[in-house]
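Residues per chain, in single letters:
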Amino acid sequence: MRSVPGSGVPSERDEAFTAFVTAHGHALRRYAYVLTGQGAAADDLLQASLEKLYLAWDRVAAPEARLGYARRTMARTHASWWRRPGRRETAVADPPERVGPDSTQPYVERDEIWRLLATLPPRTRAVLVLRFYEDLPEADIAAALGCSVGSVKSQLSRGLARLRLNPSIPAPEVTR
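As the structure is a computational prediction, the values presented were derived from the model and not from experiment.

What counts and how
Residues numbered from 1 in each chain as written. Predicted model: local features only at pLDDT ≥ 70, side-chain atom pairs only at ≥ 80, totals over all residues. Heavy atoms only, no water. Helix = DSSP H or I, 4+ residues; strand = E, 2+ residues; numbered from the N terminus. Expected span 1.5 Å × (residues − 1). Core = buried A, V, L, I, M, F, W, Y, C linked by side-chain atoms within 4.5 Å. Buried < 20%, exposed > 50% of the residue type's maximum accessible area, 1.4 Å probe, protein only. Contact = heavy atoms within 4.5 Å. Salt bridge = Lys/Arg side-chain N within 4 Å of Asp/Glu carboxyl O.

## Some points on unusual backbone geometry
Working step 1: Even without glycine at this site, Asp-135 takes up a positive phi of about 55 degrees.
Working step 2: If you trace the backbone, Asp-135 turns up in the loop between α5 (122-133) and α6 (138-145).

## Some remarks on α5
Working step 1: Its 12 residues give α5 an end-to-end C-alpha distance of 15 Å, which sits within 8% of 16 Å, the value for a rise of 1.5 Å per residue.
Working step 2: Phi turns positive one or two residues past the end of α5, at Asp-135, with a value near 55 degrees.

## So, the nonpolar core
Working step 1: Counting 36 residues, the largest nonpolar core has Leu-28, Met-74 and Leu-145 as the members making the most contacts within it.
Working step 2: Counting only elements with at least two residues in this core, the list comes to α1 (12-36), α2 (39-55), α3 (63-83), α4 (108-118), α5, α6 and α7 (149-164).
Working step 3: Of all the elements, α1 adds the most residues to this core, at seven residues.
Working step 4: Other than its neighbours up to four places away in sequence, Met-74 contacts Leu-28, Tyr-31, Ala-32, Leu-35, Leu-45, Leu-46 and Ser-49.

## Let's talk about the pattern of salt bridges
Working step 1: Summed over the entire model, instances satisfying the criterion amount to four salt bridges.
Working step 2: When the shortest N-O distance is used, the salt bridge between Arg-13 and Asp-58 registers 4.0 Å. Here Asp-58 lies in the loop between α2 and α3 and Arg-13 lies in helix α1, a separation of 45 residues in the sequence.
Working step 3: The salt bridge involving Arg-131 is made with Asp-135; its shortest N-O contact spans 3.4 Å.
Working step 4: You can call Arg-131 partly exposed: its relative accessible area is 26%.

This is the structure in structure tokens:
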């Protein structure tokens, strides 16, 4: 049943899309934050990606494929944003001070990792996030970002090497 414009009655498509966003919206928002490293940028990325998913809703017929389509759309949209000249942002050394009590102590180590990821170039950060946060194989990362598997491997290598050089990351203990 299609809705009649202006009737106020949602279509089955609208209801299915709303149910999808309700079920997966928080996870997709976290994914957007991991890709962008900033709350407002994550919201923009999520909104743009959900718009694209809504327009393609009927073409992505298999319900189990929709979450993957949404994530792939987010990765590609993010990549297209940082490829645009003049759109690149720079990370600041110190985030602004917070007002109020600090209830984030359990998350300090995790936040340090996100800050370190923010120092990486956007493409390298996207490759690391897709590999280690989303646990995607290199071929899927290459397909999502529209590059070669060799490029993904070199970005992974460079990104990990750059993170290892950071003195705030403890070296792993060697056990014999």
